[in-house]
Every structure is written in structure tokens, then in C-alpha cells.
Amino acid sequence: MSFFANVEQVPGDPILGLTEAYNADSRTTKVNLGVGIYYDESGRIPLLRAVKQIEQTLAAEAKPRGYLPIDGLPAYTQATQKLVFGEASDLLAAGRVATSQTVGGSGALRVGADLLKRLLPHATIAISNPSWENHRAVFGAAGFDVVDYTYYDNAAHGLDFAGMLADLQKLQPGTVVLLHACCHNPTGADLSTEQWKQVAALMKDRQLFPFIDMAYQGFDKGITEDGQAVRIVADAGIDSFIVANSYSKSFSLYGERVGALSVVGPDATSTKAVQSQVKRIIRTIYSSPSTHGAALVAGVLNSGELRGVWEAELTEMRERIHALRAGMVQKLAALGAPEFGFIQQQAGMFSYSGLSKAQVDKLRDDYGIYAVGTGRICVAALSQNNLDYVAKAVYDVSRG
């Protein structure tokens, strides 16, 4: 008898599978626009100067590697709270925020999902259409029924705000609503400040529960500006919500898996009780998080000098992405395709290019340019070295 004889083969992850196909491609002109990683002009993942400096300091100190507390390194969670909510946050002053270090942003999503499934067992969760592929998988695996709300207008290549409000208005009170704080993945279409205020007011009125995912803080307008959703939700008088954030992109620490889950409660006592539930969940999954990545982030954020260096490096990455968007639009327009101008209006690492599945396949087969079948491309994987080649290929496939 074989216990695993009849196990069903699960299809591989579409994005990771795309990278495998890219790696196997022998063409020297190949370009991977599928994976969500920021690359520099030389096509490498950057090691930030601030991170390198604090890492050298940590190596010189060579401290023992004991277990961290269940909810992580205190210097890390405290610095995260100030970054996400603002140092002058009334929520922090009132003790209404509890933050836990997690295994990446994905870990924060899953711990948060497990928490809400325990506390709100009959709730459903609404995610944007479209959303990051793993959102549906994570919340589905936690036992949630996942529904969609309108978000993107494919014809207009932008946000369908009226449709979004209409769908949110129909949700039952108590529904969890997943919101992208900034740099929406996969579309790059974000809400304006006024639109965020309307969404927050609607959610309070309809008694919906906000779950804010913030994986790209600092990649559009700046650290404070990109975190406005958190402050707007708080200012709307919503007394309980969750924020998941990640440092993978902003610190270029993809492999260190540094994320955090912040729970906001109506008062300090309630928040403490909810945090006890978070710690119980973490204890049953991975017991406690790892030290190194958190120590790197905490070391940078808690040093005035290194914090300044990091913010300057983050600005360089953000401005380079803006320049690549502008360059892509300019080159396509020069080729005779001005209709791609919307790419410059989108935010963050990704663009919903408007390319069909057949056109994406042609990009891969004829040009060695790899993108997700939905047409999502990672702008941060472009460079001045491949921009002409990619623009010409996109123009060619768009013209049949």
C-alpha cells in the first residue's frame, strides 16, 4: 500500500513557472518582465548601501542567535509601527496598535487571514478584480469564501471607481475588504486621496472590515504619501482594521522574508487581547520569526544617518521606475503607438499593459520577452539597455 499513490498533481505557480521558462531560454536578448523584483541598470538585484553598512556592523558584533519573541524583534516591530502609521500617530499613542514580525508580506497575510477566520468565522472577504494572484489563494486556504469587487476598467486602462463603490456598497456588514495601499498589483492603478476618503467613509457606514496590504510603500510618491491609506482609514473613525506590510521591495531583501502584521483595535485592552490570538497562531505555524532580516531593517530605520541613506536609495529606485515608464511611452509613441500613454499614469512596479494572452505568447515565442498571461509587466525589470528592444516588440505584437 502506498499512501501517496493517488495524490493529485497541482499545477505550478504561473509566475515562478514563467521564470523557469525564462532561465531555460538560450536567447541573449531575453527579458523577464514577469517576476515582481526590482532590478538595477545592470540587471541585478541591488544590495542597498544602508543595508550593507548595517550588515557589516552586525557581522562585526557577532551576537549569539537565540530565539526571538513570538511576535518578533521589538526594535523591528516598533520601527515598523512608526513607518506605517507615522511617528505622531494617535493610534500608537493610545496603544491601539500591536505589530508582529512575520515571514514576509505573504506570512502577514496568512496570519491575518487565520486571525480573522477565528474571530469572524462567518465573514467573507472581497478582493479587487483583478488582484495579486496569491491573495485569493491565501484567504481561500484560510477557509474564507472569496468574492470580487470591481476595480479596473480594461477599456479605459484605469480605475473603475464608480464600479468599485457600487460593489462595496452591496457587501454585507462584517465583510472583510482587502485593499492595496498603493502601487496596485497587478494594474498599477491607484486611488487618489479623495477617492480613499470616499472608500473609508463607505466602509465605516457599511460596517466593512479593512485589511490593507502595503507591499510597495515608497515606490510611487514617497514613504508618507504612499502610506496615506492607513491614516485615512484611521481618520474615518474605523476603530478596527489590519495592515500587512513588507520590506522585500523597499529594502531589496526578497530572500530575508521581512514582513509585519499590524492589528488596530478600538482600545489598548482589546488590542492586547487580539494580539494574544495573533501570537497563538504564529506559535502553531513557525513559533517565532528569524533574526537577520529584521535586524537589518531595524538597524537602518533606527539610525538617523542610515535612515537618510535608505530613503535616498528608495528615491533613486522610485525615480528610475518613473523614468522607465516615461521612456517606454515615448518610444512606443515614436513607433506609432501613442495609445500606450496610460503606462506613464500607472504607479509602482507593475503595469497592466493591455496586451492579450495571444500577444503575450507572441512576445515570449518570437522575442524572448516573458510576461504574465494577463498582460501584467514588471516595469522595474526594464533598463535603458533593453527599453528599445522591448518597446519595438510590444509595438510589433500590438499590431498583429
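One structure accompanies this document, and this report is about it.

Here is what the cut-offs are and how they apply
- Residues numbered from 1 in each chain as written.
- Predicted model: local features only at pLDDT ≥ 70, side-chain atom pairs only at ≥ 80, totals over all residues.
- Heavy atoms only, no water.
- Helix = DSSP H or I, 4+ residues; strand = E, 2+ residues; numbered from the N terminus.
- Rg over C-alpha atoms; globule rule 2.2 N^0.38 Å.
- Buried < 20%, exposed > 50% of the residue type's maximum accessible area, 1.4 Å probe, protein only.
- Contact = heavy atoms within 4.5 Å.
- 1 Å grid on protein atoms, 1.4 Å probe; cavity = no way out; pocket = protein on both sides within 12 Å on 5 of 7 lines; lining within 4 Å.
- Points joined across faces, edges and corners; volume = space filled by probe spheres on them.
- Nonpolar A, V, L, I, M, F, W, Y, C, P; charged D, E, K, R; others polar.
- Pairing = 2+ DSSP bridges.
- Phe/Tyr/Trp six-rings, centres within 6.5 Å; stacked < 30°, edge-to-face > 60°.
- Lys NZ or Arg CZ within 6 Å of the ring centre and 35° of its normal.
- Axes fitted to C-alpha atoms, helices over the stretch in contact; angles between N-to-C directions.
- Lys, Arg positive; Asp, Glu negative; His and termini not counted.
- Salt bridge = Lys/Arg side-chain N within 4 Å of Asp/Glu carboxyl O.

## Re the overall build of the protein chain
Of the regular secondary structure elements, the protein chain holds 15 helices and 13 strands. For 400 residues, the compact-globule estimate of 2.2 N^0.38 gives 21 Å, and the protein chain sits close to it at 21 Å. Counting only C-alpha atoms, the protein chain reaches 60 × 60 × 55 Å along its principal axes. Buried positions account for 53% of the 400 residues belonging to the protein chain. Taking the contacts inside the protein chain whose residues are at least 6 apart along the sequence as the reference set, 75% of them involve residues at least 24 apart.

## Describing the layout of surface pockets
In this approach, a probe sized like a water molecule rolls over the atoms, and the result shows the empty space that is left. There is about 760 Å³ of room inside the largest pocket. Residue lining of the largest pocket: 32 residues in total, with Ser106, Trp132, Asn134, Asn185 and Lys249 positioned closest to the centre. For the lining of the largest pocket, the elements supplying multiple residues, two or more each, are helix H1 (14–24), helix H5 (104–119), helix H6 (133–141), strand S8 (209–214) and strand S9 (241–246). Looking at the lining of the largest pocket, its residues break down into 15 nonpolar, 11 polar and 6 charged.

## Some remarks on the side chain of Asn32
Take Asn32: it is sitting in strand S1 (residues 31–32). Residues in contact with Asn32, not counting those within four places in the same chain, are Thr19, Tyr22, Tyr370 and Ala381.

## Description of the pairing of S9
With 6 of 6 residues buried, S9 lies mostly within the body of the structure. Strand direction decides the pairing type here: S8 and S9, joined by 4 bridges, are parallel. The residue bridging Met214 from the neighbouring strand is Asn245, located in S9. Here S9 runs beside strand S10 (residues 258–264); their pairing, made up of 6 bridges, is antiparallel. Opposite Val243, over in S10, you have Ser262 as the bridge partner.

## Side note on the packing of aromatic side chains
All told, the structure shown has 11 aromatic pairs when counted by the stated rule. Ring centres of Tyr22 and Tyr370 lie 5.7 Å apart, and the angle between their planes is 85°; on these two criteria the pair is classed as edge-to-face. Residue Tyr22 is found in helix H1, and its partner Tyr370 is found in strand S12 (residues 369–370); the two are separated by 348 residues along the sequence. Taken as a pair, Tyr22 and Tyr370 share a single burial class, namely buried. Summarising the aromatic geometry, the rings of Tyr38 and Phe219 are spaced 6.4 Å apart at their centres and angled 65° between planes, so their arrangement reads as edge-to-face. Pair noted here: Tyr38 is in the loop between S1 and helix H2 (49–61) and Phe219 is in the loop between S8 and helix H9 (223–226), with a separation of 181 residues, a long-range link. Through successive ring pairs, a cluster of aromatic residues spans Tyr76, Tyr247, Phe251 and Trp310. Over the ring of Phe144 we find Lys117; its NZ or CZ atom is 5.3 Å from the centre of that ring.

## Describing the sheet that holds strand S3 (residues 125–129)
Taken together, 7 strands build an open sheet; the order of strands is S2-S10-S9-S8-S7-S3-S4 and the sheet is mixed. Both outer strands of the open sheet, strand S2 (97–103) and strand S4 (146–150), are each paired with one neighbouring strand and no more. Across this sheet, the average inter-strand angle for adjacent strands is 25°, counted without regard to direction. Where helix H7 (residues 161–170) meets the sheet, it contacts S4 and strand S7 (176–180), and its direction lies at approximately 140° from that of S4. Contacts between helix H8 (residues 193–206) and the sheet are confined to S7 and S8, with S7 contributing the most and set at about 170° to the helix.

## Re the side chain of Lys249
Here Lys249 is to be found in the loop between S9 and S10. Salt bridges are absent for the buried Lys249, whose nearest opposite-charge side chain, Asp213, sits at 9.0 Å. The contacts of Lys249, once residues within four sequence positions are left out, are Gly36, Ala215, Tyr216, Phe219, Tyr254, Met317 and Met349.

So, to be careful, I would describe these as geometric facts and stop short of saying anything about function.
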